Amino acid sequence: GYGVRCPVPLLKGTFVAEYTGELVSKNEMEFREYQYTLENKPQYMIALGTGAQSSLWLDATYCGNVSRFFNHSCEPNLNKMTVFVEHRDERAPRVGFFAARDIPANEELCWKYIAAQSSGTHKCLCGSRNCMGNL
């Protein structure tokens, strides 16, 4: 991926970015995932809720912000969190990234795409000591 670095240090707990994109259903996400794969396009989709079982997804493929370029690491320096702004309606959460630890200037910003060991087909390239192997 592209990768993103911050030119200034970030303290643990600092809000870094909100993940933005088109709000789509699980069915639409699965259709787009299939289409993007056929077209060999990168995919920038994230679940709103609990992983693959989530009924709502954000697709940042065509409209998103810098957060779609955060890469994966098995030892991430960002935490992905569901947040609510000006309401507590669980049908409309937002996704925020926060510094998981103090991050020095110019270190690549990364988050863990999946929570546990995966038997996925994509080889993990993060290079961390605790690399899961596949995504």
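Residues numbered from 1 in each chain as written. Predicted model: local features only at pLDDT ≥ 70, side-chain atom pairs only at ≥ 80, totals over all residues. Heavy atoms only, no water.

(A) Expanded view of the sheet that holds strand β3 (residues 45-48). Strands sit in the order β2-β4-β3 across an open sheet of 3 strands; the sheet is antiparallel. The open sheet has two edge strands, β2 (22-25) and β3, and neither has a second partner. Between one strand axis and the next, the sheet turns by 35 degrees as a mean value, whatever way the strands run. Across 4 bridges, β2 lies against strand β4 (residues 56-59) in antiparallel orientation. Opposite Val24, over in β4, you have Trp57 as the bridge partner. Against the sheet, helix α1 (residues 26-38) makes contact with β2, β3 and β4, and its axis sits at roughly 105 degrees relative to β2, the strand it touches most. (Pairing = 2+ DSSP bridges. Helix = DSSP H or I, 4+ residues; strand = E, 2+ residues; numbered from the N terminus. Axes fitted to C-alpha atoms, helices over the stretch in contact; angles between N-to-C directions. Contact = heavy atoms within 4.5 Å.)

(B) Spatial organisation of the nonpolar core. Formed by 18 residues in total, the largest nonpolar core has its most connected members in Tyr19, Ile46, Phe70, Leu78, Phe97 and Leu109. With 3 residues, the top contributor of residues to this core is strand β7 (residues 94-99). Sequence-distant contacts of Phe70, that is, excluding residues within four places in its chain, are made with Val4, Val16, Ala17, Leu78, Phe97, Leu109, Trp111 and Tyr113. Listed in part, the 6 residues of the second largest apolar core include Met29, Tyr36, Ala47 and Trp57. (Core = buried A, V, L, I, M, F, W, Y, C linked by side-chain atoms within 4.5 Å. Buried < 20%, exposed > 50% of the residue type's maximum accessible area, 1.4 Å probe, protein only.)

(C) View of the confidence of the model for the chain. The pLDDT averaged across the chain works out to 88; a share of 93% of its residues lies at or above 70. Within the chain, no element has a lower average pLDDT than β3, which sits at 87, and none a higher one than strand β1 (residues 15-19), at 96. (pLDDT = per-residue confidence, 0-100.)

(D) Focus on the packing of aromatic side chains. Counted under the stated rule, the structure contains 7 aromatic pairs. Measuring from ring centre to ring centre gives 5.3 Å for Phe97 and Trp111, while their planes differ by 55 degrees; the resulting arrangement is tilted. With Phe97 in strand β7 and Trp111 in strand β8 (residues 110-111), this residue pair connects regions lying 14 residues apart in the sequence. Taking the relative accessible area as the measure of exposure, Phe97 reaches 0% and is therefore buried. Ring geometry for Trp111 against Tyr113: centres 4.8 Å apart, planes inclined by 55 degrees, an arrangement best described as tilted. Assessed through its relative accessible area of 10%, Trp111 is described here as buried. Site record: aromatic cluster; members linked through ring pairs are Tyr19, Phe70, Phe97, Trp111 and Tyr113. Here the guanidinium or amino end of Arg68 rests over the ring plane of Tyr44, the centre of that ring lying 5.6 Å away. (Phe/Tyr/Trp six-rings, centres within 6.5 Å; stacked < 30°, edge-to-face > 60°. Lys NZ or Arg CZ within 6 Å of the ring centre and 35° of its normal.)

(E) Region of the structure containing the pattern of salt bridges. Under the counting rule described, the total for this entry stands at 7 salt bridges. A salt bridge links Glu39 to Lys41, with the nearest nitrogen and oxygen atoms 3.1 Å apart. Judged by relative accessible area, Glu39 falls into the partly exposed class, the value being 40%. When its relative accessible area of 32% is taken as the criterion, Lys41 is described as partly exposed. (Salt bridge = Lys/Arg side-chain N within 4 Å of Asp/Glu carboxyl O.)

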